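# Summary of structural features
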Amino acid sequence: MRSLSDSLDATAPETRVRLDGPEGLASLRQRVRALLADCPPAVVVDVVLLVDGLAGAACEHGTPPFEVRLARDVTGVLRVAVTTVPAGADLGIGTRVLDSVSTRWGTAPGVLWAERDLSRT
């Protein structure tokens with residue numbers, strides 16, 4: 001798996017980062033902030049909350065390592081997905097938070113994901 005690059009745009013492939021446990025969350029948050037430096041501060045706060053919440057739920061309920069994937073599509077929607085999460089994992093950030101800061105979110109076998117329209121403040 002490769003590290004987060006210096007930018008996250010529609011022309012770049014999906015960015016993946018390995019998360020070995022909760023000790024990596026602070027570093028992950030910092031990198032996400034740097035990746036979204038071109039976005040309004042309110043959008044960055046929302047995305048950091050999404051990444052932290054999804055990755056934190058994985059750390060709390062799963063067994064590391066986890067993979068955090070970030071991809072911005074050509075329409076400006078960022079998708080965050082955390083893999084190798086056990087089925088039925090409790091979302092510690094709560095569904096109300098996900099509903100308020102994401103465009104949409106969901107679960108799939110082994111994956112927690114959320115999307116955020118980066119043009120929406």
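Here is a short report on the structure shown in this document. (Residues numbered from 1 in each chain as written. Predicted model: local features only at pLDDT ≥ 70, side-chain atom pairs only at ≥ 80, totals over all residues. Heavy atoms only, no water.)

## Regarding the packing of aromatic side chains
Here is the rule we go by: The pairing test for Phe, Tyr and Trp rings, Trp by its six-membered ring, is centres within 6.5 Å, and the orientation test on the planes gives stacked under 30 degrees, edge-to-face over 60, and tilted for anything in between. Here, over-ring charges are defined by two tests on the NZ atom of lysine or the CZ atom of arginine: distance to the ring centre within 6 Å, and angle to the ring normal within 35 degrees.
Inspection of every chain in the model, using the stated rule, returns zero aromatic pairs. Its guanidinium or amino end placed over the ring of Trp 113, Arg 79 lies 4.2 Å from that ring's centre, counting from NZ or CZ.

## Structural notes on unusual backbone geometry
Defined as follows: Going along the chain from the N terminus, every DSSP run of H or I of four or more residues is numbered as a helix, and every run of E of two or more is numbered as a strand.
Here the amide bond leading from Pro 64 into Pro 65 is cis, since omega sits at 5 degrees, within 30 degrees of zero. In this fold, Pro 65 is placed in the loop between α2 (41-61) and β2 (66-72).

## As for the pattern of salt bridges
Heads up, the condition is: Only one rule defines a salt bridge in this text: a Lys or Arg side-chain nitrogen within 4 Å of an Asp or Glu carboxyl oxygen. A 1.4 Å probe rolled over the protein chains alone gives each residue an accessible area, and that area as a share of the maximum for its type sets the label: buried under 20%, exposed over 50%, partly exposed in between.
If you walk through the whole model with that rule in mind, you get eight salt bridges. In this structure, Arg 116 and Asp 46 form a salt bridge, with 2.6 Å as the shortest nitrogen-oxygen distance. Of this pair, Arg 116 sits in strand β5 (residues 111-117) while Asp 46 sits in helix α2, placing them 70 residues apart in sequence. Neither Arg 116 nor Asp 46 differs from the other in exposure class; each is buried. With its nearest N and O atoms 2.9 Å apart, the salt bridge here joins Glu 115 to Arg 79. Taken together, the residues span a long stretch of sequence, with Glu 115 in strand β5 and Arg 79 in strand β3 (residues 77-83) at a distance of 36 residues. Accessibility expressed as a relative area gives 11% for Glu 115, which makes it buried. One network of salt bridges, with partners in common, ties together Glu 14, Arg 16 and Glu 67.

## Things to note about the sheet that holds β3
Which entries qualify depends on this criterion: Strand pairing requires that DSSP identify at least two bridges connecting the strands. Note on definitions: angles span 0 to 180 degrees between N-to-C directions of axes, and those axes are lines fitted to C-alpha atoms, for helices only across the stretch in contact. Contacts: residue pairs with any heavy atoms within 4.5 Å of one another.
Here we have five strands laid out as an open sheet, ordered β1-β2-β3-β5-β4, and antiparallel in their pairing. The open sheet is flanked by β1 (15-19) and β4 (104-108), the only strands paired with a single partner. Pairwise comparison of adjacent strand axes, ignoring direction, gives a mean angle of 15 degrees for this sheet. As defined by bridge partners, β3 adjoins β5 across seven bridges and the pair is classed as antiparallel. Counterpart to Ala 81 in the pairing with β5 is Trp 113. Set on the sheet, α2 makes contact with β1, β2, β3 and β5; between it and β5 the angle comes to about 175 degrees.

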